[in-house]
Amino acid sequence: MNVVVCVKQIPDPAVPGELTSDNRLKRDGAKAILDESDSYGVEMALQLVDKAGSGEVILVSMAPNGEVSGLRQALAMGAARAILISDDALAGADALTTSKVIAKAVERAGGVDLVLAATESSDGYTGTVPAQVAELLGWPSLTFAKHVEIADGKVTIQRQTENGYDVVAASLPAVVSVTAGVVEPRYPSFKGIMAAKSKPLDQVTAADLGLNSISAGQSIVSVDAAPARQAGEKVEDDGTAFERIVTYLEELKVI
Amino acid sequence: MNFAFSEEQDQLRDVVRRFVEEKSSEEEVRRLMDTEVGYDPNVWAQMANELGLQSLHIPEEFGGQGFSFVELAIVFEEQGRRLLCSPYFATVALATNAILNAGTTDEKAALLPGIASGETIATLAFTEPNGRWDADGITMVAREDGGGWVLDGTKMFVIDGNNADLIVVAARTAGTSGEAGISFFTVAGDAQGLTRTALATMDQTRKQSKLEFAGVKATPLGAAGQGWSALSKTLDQAAVCLSNEMAGGAQFVLDMSVEYAKVRVQFGRPIGSFQAIKHKCADMLLEVESAKSAAYYSAWAAGEDNEELPVVASLSKAYCSDAYFHATAENIQIHGGIGFTWEHPAHLYFKRAKSSEILLGDATYHRELLAQRIGI
């Protein structure tokens, strides 16, 4: 069983982000890290392959400047190899362009049974790549999985909903997006960290994947600061304030 | 000689830092302080199974990963930052090193894989009620009895003595004194005739025990009567580990002080703008940086296992003891009233610094040892 995990290497959220002159996030400054939301997919993939008893976990990542530090983190956890697409032509790529690249990379990986991705990245938040990759590959797309099981050529997931979960199944190969907290990502050992250095890393360009006339597909016109938080509602408690709180929480679907 | 950490070593630091930040929050430290065992078995298992911390410097042939004291030092430094409550120091810095230094190949093969896998918690029972850290402090007599060895007497201040499955004991044969006649033995934690009593300690983040041996059957470890050089080396290596742990704690309280000095406003300006506070922070920085340099150098010497180790182990233990204690004391002063409260973490570091200062011999003892070792 071969599982591809889509991992994004993002600027460290602990370091304040900067924008380039064309309104894109600066990605050539500090070292990139593995998007935490992708570490769940990596852990899930490792567990599935382990359970299957054979196969490997392959990472696919698109990042500028041949960035590998985030990939090394995932390789240290136990992934077998990685495909890195690094190409100036892809700077500022929109979700569909990204999906085209990832779908091609999945084909390049070869013999893939399952693609795992996070529901959305922690820097872009588009949340559309997993479904687009599935469509481009012509594979079923299952989303928001909080539990994944593989048996008899089928993948069965528990799909997170507002009230609980739905059980959804599809035939393999398939693309599944997993929610944060689906599993506890393992901490790598020093041995794993050392081994990550020598694991195969296949660095390619868009052209290597057969995508010759590809462009970002979007441009960012302007960027505004997030609106400041509004003052909250003050409720004078006349003995019934709890009802207002309960209603408010219900509106938020928290309870 | 390269004094910079490698990229992989920096990654190890990141991983361990992330781990201890998650598993050893102040809240968790306080919870474990109040428990009898003083550590979380799940965290211990994760340290062994995922991060492989217990096996880090155990050779591969004995179930370990075969890395050196430099990697170990990184782990201790990061644990020291967050006061991780765990039998790691007792197991890895004390017992594992004692077995590696004293044991025969067969003994290592029998004892080390259990430690490497996290199954065995171990410690070294060395100090006695006399509180001495030198060879003369060992008065416990081991006697031969019907082809085996039997131990009688009391060991004090044994780190994690109540948690240990395996206790490495230093004792001497009757009629010997000083460095001659010292031998190592191993005893199971639940051995017959062994009474273990938890001691009330000022630093509740590291548990200590009194172990009373009444005719306890013991298994020899290494050559009989030849144990002192292995023990002396073990204590030097443990001092290296402890120095790095202290350096990590010292850096953490310095950061805490600087952060507070920037946000705490008094007389209309942050207290960090007052000379009295600036000077304290500058002195702390000087000492913390020097402590880290000494600790890293000692880790390198331990990793190389060269002739410098005894000298730099004592040097770094002496310097780091003073620097850590001073930093934690100043941290309380800089925090003012809140720093004196039970609710603030400052006292946790202060107490850890005090207990670490005395553990393995205080700064005065190690400066004397240093003088002897460099021949003055």
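Shown above is the structure to which this text applies.
Cut-off values and rules
- Residues numbered from 1 in each chain as written.
- Chains lettered and ligands numbered in written order.
- Predicted model: local features only at pLDDT ≥ 70, side-chain atom pairs only at ≥ 80, totals over all residues.
- Heavy atoms only, no water.
- Helix = DSSP H or I, 4+ residues; strand = E, 2+ residues; numbered from the N terminus.
- Buried < 20%, exposed > 50% of the residue type's maximum accessible area, 1.4 Å probe, protein only.
- Contact = heavy atoms within 4.5 Å.
- Areas by Shrake-Rupley, 256 points an atom, 1.4 Å probe, with all protein chains shown as cover.
- Lys, Arg positive; Asp, Glu negative; His and termini not counted.
- Charge placed at Lys NZ, Arg CZ, Asp CG, Glu CD.
- Pairing = 2+ DSSP bridges.
- Axes fitted to C-alpha atoms, helices over the stretch in contact; angles between N-to-C directions.
- Salt bridge = Lys/Arg side-chain N within 4 Å of Asp/Glu carboxyl O.
- Polar contact = N/O pair within 3.5 Å; in protein donor to acceptor, adjacent residues only side chain to side chain.
- Nonpolar A, V, L, I, M, F, W, Y, C, P; charged D, E, K, R; others polar.
- Buried area = accessible area lost by both parts, 1.4 Å probe.
- Core = buried A, V, L, I, M, F, W, Y, C linked by side-chain atoms within 4.5 Å.
- Disulfide = S-S within 2.5 Å.

S.K.: Explain the overall build of chain A to me, and be specific about the residues and the numbers.
M.R.: When helices and strands are tallied, chain A shows 6 helices and 11 strands. In terms of its C-alpha atoms, chain A occupies a principal-axis envelope of roughly 65 × 50 × 40 Å. Taken over 255 residues, chain A has a buried fraction of 40%. Considering only contacts in chain A between residues 6 or more positions apart, those separated by 24 or more positions represent 72%. Total accessible area on chain A is roughly 13500 Å²; 49% of this is exposed by carbon and sulfur atoms. Taking the average place of the 22 positive charges on the side chains of chain A and the average place of its 34 negative ones, the gap between the two points comes to 7 Å.

S.K.: Let's hear about the sheet that holds strand β4 (residues 57-62) of chain A: which residues, and what values?
M.R.: All names here are of chain A. Reading across the sheet, the 9 strands line up as β9-β8-β7-β10-β6-β1-β4-β5-β11 and stay open at both edges, with mixed pairing between neighbours. The sheet is open, and its two borders are formed by β9 (165-171) and β11 (201-204), each paired with just one other strand. When the angles between neighbouring strand axes are averaged without regard to direction, this sheet yields 30 degrees. Both strand β8 (residues 154-160) and β9 contribute to a ladder of 7 bridges, which runs antiparallel. Bridging from a neighbouring strand, V155 pairs with A170 of β9. Here helix α3 (residues 95-109) sits on the sheet in contact with β1 (3-6), β4, β5 (81-85), β6 (114-118) and β11, set at roughly 145 degrees to β5.

S.K.: Describe the pattern of salt bridges, with residues and values.
M.R.: Residues and elements named next belong to chain B. Applying the stated criterion across every chain, the model contains 31 salt bridges over all chains. The shortest N-O distance in the salt bridge between R13 and E77 comes to 3.0 Å. Of this pair, R13 sits in helix α1 (residues 7-23) while E77 sits in helix α4 (residues 69-81), and the two are 64 residues apart along the sequence. When sorted by exposure, R13 lands in the same class as E77, which is buried. Among the ionic contacts, a cluster of salt bridges with common partners joins R13, R17, E77, E78 and R81.

S.K.: How would you sum up the side chain of S257 of chain B? Please name residues and give values.
M.R.: Residues and elements named next belong to chain B. Counting through the fold element by element, S257 comes out in helix α7 (residues 228-263). Looking at S257, the relative accessible area reads 0%, which means it is buried. Within the structure, S257 has its side chain in polar contact with the side chain of N331 (distance 2.6 Å). Ignoring sequence-local partners within four residues, the contact set of S257 consists of M284, N331, I334 and H335.

S.K.: Could you give an account of the packing of α4 of chain B against helix α8 (residues 275-304) of chain B, naming the residues involved and the relevant values?
M.R.: All names here are of chain B. Axis separation between α4 and α8 bottoms out at 8 Å; the angle between their running directions is 145 degrees. For the pair α4 and α8, the contacting residues are F69, V70, A73 and E77 in the first and K292, Y296, A299, W300, A302 and G303 in the second. Residue composition of the contact of α4 with α8, by class: 7 nonpolar, 1 polar and 2 charged.

S.K.: Break down the pairing of strand β3 (residues 148-159) of chain B for me, with residues and values.
M.R.: Residue and element names in this part refer to chain B. Relative to β3, strand β2 (residues 141-145) runs antiparallel, the two being bridged by 5 bridges. Residue R143 lies in a different strand from β3, and its bridge partner there is V150. Between β2 and β3, which pair antiparallel in sequence order, lie 2 residues; one of them, G146, sits at a positive phi of approximately 55 degrees. One ladder, built from 9 bridges, connects β3 with strand β7 (residues 208-221); its direction is antiparallel.

S.K.: Kindly report on the interface of chain B and chain A, identifying the contributing residues and their values.
M.R.: Contacts between the two partners involve 19 residues from chain B, matched on the other side by 11 residues from chain A. Carbon and sulfur atoms supply 58% of the area buried between chain B and chain A, which totals about 1500 Å² over both sides. Looking at the side of chain B facing chain A, the largest losses of area belong to E8, Q11 and E50 of chain B, adding up to 36% of the total buried there. The interface formed by chain B and chain A holds 3 salt bridges in total. Among the ionic pairs, K191 of chain A bridges to E60 of chain B, the shortest N-O distance being 3.3 Å. Linking chain B to chain A there are 7 residue pairs in polar contact (both at pLDDT 80 or more). Secondary-structure elements contributing two or more residues to the side of chain B that touches chain A are α1 and α3 (41-51) of chain B. No other element matches α1 of chain B, which puts 9 residues into the side of chain B that touches chain A. Of the residues assigned to the side of chain B that touches chain A, the class counts are 6 nonpolar, 6 polar and 7 charged.

S.K.: Describe unusual backbone geometry, listing the residues and the values that go with them.
M.R.: Cis geometry marks the peptide bond from L172 of chain A to P173 of chain A; its omega dihedral reads -5 degrees. With respect to the element layout, P173 of chain A can be found in the loop between β9 and β10 (174-178). Even without being glycine, L83 of chain B reaches a positive phi, approximately 50 degrees. A relative accessible area of 1% places L83 of chain B in the buried class. In the Ramachandran plot, D160 of chain B falls in the positive-phi region, its phi being about 50 degrees despite a non-glycine side chain.

S.K.: Give a description of the nonpolar core that names residues and reports values.
M.R.: Membership of the largest hydrophobic core comes to 134 residues, with the highest contact counts inside it found for L59 and V176 of chain A together with F89, F184, L231 and L360 of chain B. Residue contributions to this core peak at 18 residues, all from α7 of chain B. Formed by 28 residues, the second largest nonpolar core is a distinct cluster that contains V4, V60, A103 and A105 of chain A.

S.K.: I'd like a rundown of the state of the cysteines, residues and numbers included.
M.R.: According to the stated counting rule, one finds 0 disulfides over all chains in the structure shown. Lacking any disulfide linkage, C241 of chain B is separated from the closest cysteine sulfur, that of C320 of chain B, by 12 Å.

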